[in-house]
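Topology and contacts: notes
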Amino acid sequence: MDFSVKKLASDAGVFFSRAVQFTQENLGQAEKTELDAHFENLLARADCTKNWTEKIFRQTEYLLQPNPIDHTGARIEEFLYEKLDRKAPSRPTNAELLGHYMLEAAKDFGPGTPYGSTLIKVGECQQRLGGAEREFLQTSAISFLTPLRNFLEGDWRTISKERRLLENRRLDLDACKARLKKAKAAEAKAAAVPDFQETRPRNYVLSASASATVSLFPFPCGHGLPQLWSEEVDKAEHELRVAQTEFDRQAEVTRLLLEGISSTHVNHLRCLHEFVEAQTAYYNQCHRVMMELHKELGSSSADVFSSNFGRNPSASADPDASAESPTAALETDVLQIEEVQPPASGTRKAKVLYDYDAADTSEMSLLADELITVYTVPGMDSDWLIGERGNQKGKVPVTYLELLS
């Protein structure tokens, strides 16, 4: 019990000494040991790394799971399963749920109906998109989010702990410097006080300052004060040497941890490349799935699609007339663009959504946001239109266009 009380009293004294030193530094009444410029740069880079890593980590979480409520629930579920040492069950994505509802609706509407069959195709596509999304989320969490979280919850906590310990060692060092400075000043003052023991008369009255000095110490008329302060100076110098050694040791430990931030940057760079690769693969897979769906839906509703572009029904109703027309024999593989003539009616304006590079001479390259004239011709693939821009003419993909009324 006595040992605990003594330790508590000692800790309280150290805390009070640090608090006094910290307050006096802020008030400009005490000197502060400054770190070298290289060390300050390491501290600034570490703080910058922590702040931006935290922001990137949080925003990536919001990107992968944008709903804050779902995000919080997922984190709580993940935490509970982690504490139970069990693997959390896989959660269906929103696209998978949408696909499931479409498939169920198709059963009620009838799979043989146009609407029901289309629901089946779109629902299966949504489930494929959902599966790709879930794979992307899992890959991103392992290759990108986990390393960032490990840094924030592991390495950075260690760095912060050692930095707090370094700050305490610095306060102790500066407090020892202040005590040594005061002890030396008091020693010099005590050495200047005359010894009145032999020379002063019996009824000699001490000055106010001398009386105050003598009253502080149980020595007759200040005798022995220089020796006392000499011992205090020796003690303060010993404490300063110990504090300096502990400060230097802690500074070296903290410096090594801060220099490890460079390795952290290299690791995060590798993780960033893996995240980009996973994101690229995900979007490519989504694009392939949607293009397959678009082609499948277009082939099953070619007549409806063609009527929206003003095709003349009589032109395709008469096979002989189509055979005689110079544009009826157009094929996607061999298309004589110079023979194609725009119909009298049915041309429309279209806005280009994305840049497109022509694959051959029968196609026309596109620039995003430009306006072109488009129309269809009999016998042409429904995924393509004929586009005109000034004197240029060629096939253009429908998916790259926004048709204007």
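**Considering the overall build of the chain**
Secondary structure assignment for the chain yields 11 helices and five strands. Residue pairs at least 24 apart in sequence account for 68% of intrachain contacts in the chain once pairs closer than 6 positions are excluded. Just so you have it, the chain exposes about 26000 Å², and 56% of that area is on carbon and sulfur atoms.

**Details of helix H5 (residues 114–191)**
For H5, built from 78 residues, the straight-helix expectation of 116 Å at 1.5 Å per residue is met to within 8% by its first-to-last C-alpha distance of 110 Å. Maximum bend of H5: about 45°, positioned at alanine 141.

**Regarding the nonpolar core**
In terms of nonpolar packing, the biggest core is built from 41 residues, with Phe136 and Leu258 touching the most fellow members. Of all the secondary-structure elements, those providing two or more residues to this core are helix H2 (37–64), helix H4 (94–109), H5, helix H7 (225–259) and helix H8 (261–300). The leading source of residues in this core is H5, at 18 residues.

**Remarks on the packing of aromatic side chains**
Under the definition given, this model contains eight aromatic pairs. Put simply, the rings of Phe136, Phe144, Phe275, Tyr282 and Tyr283 touch in pairs and so form one group of aromatic residues. The aromatic ring of tryptophan 384 is capped on one face by lysine 395, whose charged end is 5.0 Å from the ring centroid.

**Some thoughts on the confidence of the model for the chain**
In this model, the chain carries a mean pLDDT of 78, and residues with pLDDT of at least 70 account for 70%. Here helix H10 (residues 313–317) is the element of the chain with the lowest mean pLDDT, 43, and H2 is the one with the highest, 93. In this model residues 196–222 is a low-confidence stretch, pLDDT under 50, and it forms 18 contacts with partners more than four residues away in sequence or in other chains.

**Let's talk about a nonpolar patch on the surface**
Together, Leu269, Leu272 and Val276 line one region of the surface with nonpolar side chains, adding up to about 250 Å² of accessible area. By secondary structure assignment, the location of leucine 272 is in helix H8.

**Some words on the packing of H2 against H5**
At a minimum axis distance of 10 Å, the contact between H2 and H5 shows a crossing angle of 150°. Considering the relative orientation of H2 and H5, their crossing is left-handed. A per-class count over the contact of H2 with H5 returns 15 nonpolar, four polar and six charged.

**Side note on the environment of leucine 272**
Relative accessible area serves as the criterion here: at 40%, leucine 272 is assigned to the partly exposed category. Here the alpha-carbon distance between leucine 272 and serine 140, two residues 132 residues apart in the chain, equals 9.6 Å.

**Some details on the sheet that holds strand S5 (residues 401–403)**
The sheet built from five strands is open, its strands ordered S4-S3-S2-S1-S5 with antiparallel pairing. A strand with exactly one partner marks an edge of an open sheet, and here the two such strands are strand S4 (392–397) and S5. Looking at each pair of strands side by side, their axes are set apart by 40° on average, direction ignored. Taken together, the four bridges between strand S1 (residues 348–352) and strand S2 (residues 371–375) define a ladder with antiparallel strand orientation. Across the sheet, residue lysine 349 finds its bridge partner in S2, namely threonine 373.

Here is what the cut-offs are and how they apply
- Residues numbered from 1 in each chain as written.
- Predicted model: local features only at pLDDT ≥ 70, side-chain atom pairs only at ≥ 80, totals over all residues.
- Heavy atoms only, no water.
- Helix = DSSP H or I, 4+ residues; strand = E, 2+ residues; numbered from the N terminus.
- Contact = heavy atoms within 4.5 Å.
- Areas by Shrake-Rupley, 256 points an atom, 1.4 Å probe, with all protein chains shown as cover.
- Expected span 1.5 Å × (residues − 1).
- Bend = angle between axes of the 7 residues up to and from the residue.
- Core = buried A, V, L, I, M, F, W, Y, C linked by side-chain atoms within 4.5 Å.
- Buried < 20%, exposed > 50% of the residue type's maximum accessible area, 1.4 Å probe, protein only.
- Phe/Tyr/Trp six-rings, centres within 6.5 Å; stacked < 30°, edge-to-face > 60°.
- Lys NZ or Arg CZ within 6 Å of the ring centre and 35° of its normal.
- pLDDT = per-residue confidence, 0-100.
- Patch = residues over 30% accessible without salt bridge, like charges linked within 9 Å, V, L, I, M, F, W, Y side chains within 5 Å.
- Salt bridge = Lys/Arg side-chain N within 4 Å of Asp/Glu carboxyl O.
- Axes fitted to C-alpha atoms, helices over the stretch in contact; angles between N-to-C directions.
- Left-handed = near helix turned anticlockwise from the far one by under 90°.
- Nonpolar A, V, L, I, M, F, W, Y, C, P; charged D, E, K, R; others polar.
- Pairing = 2+ DSSP bridges.

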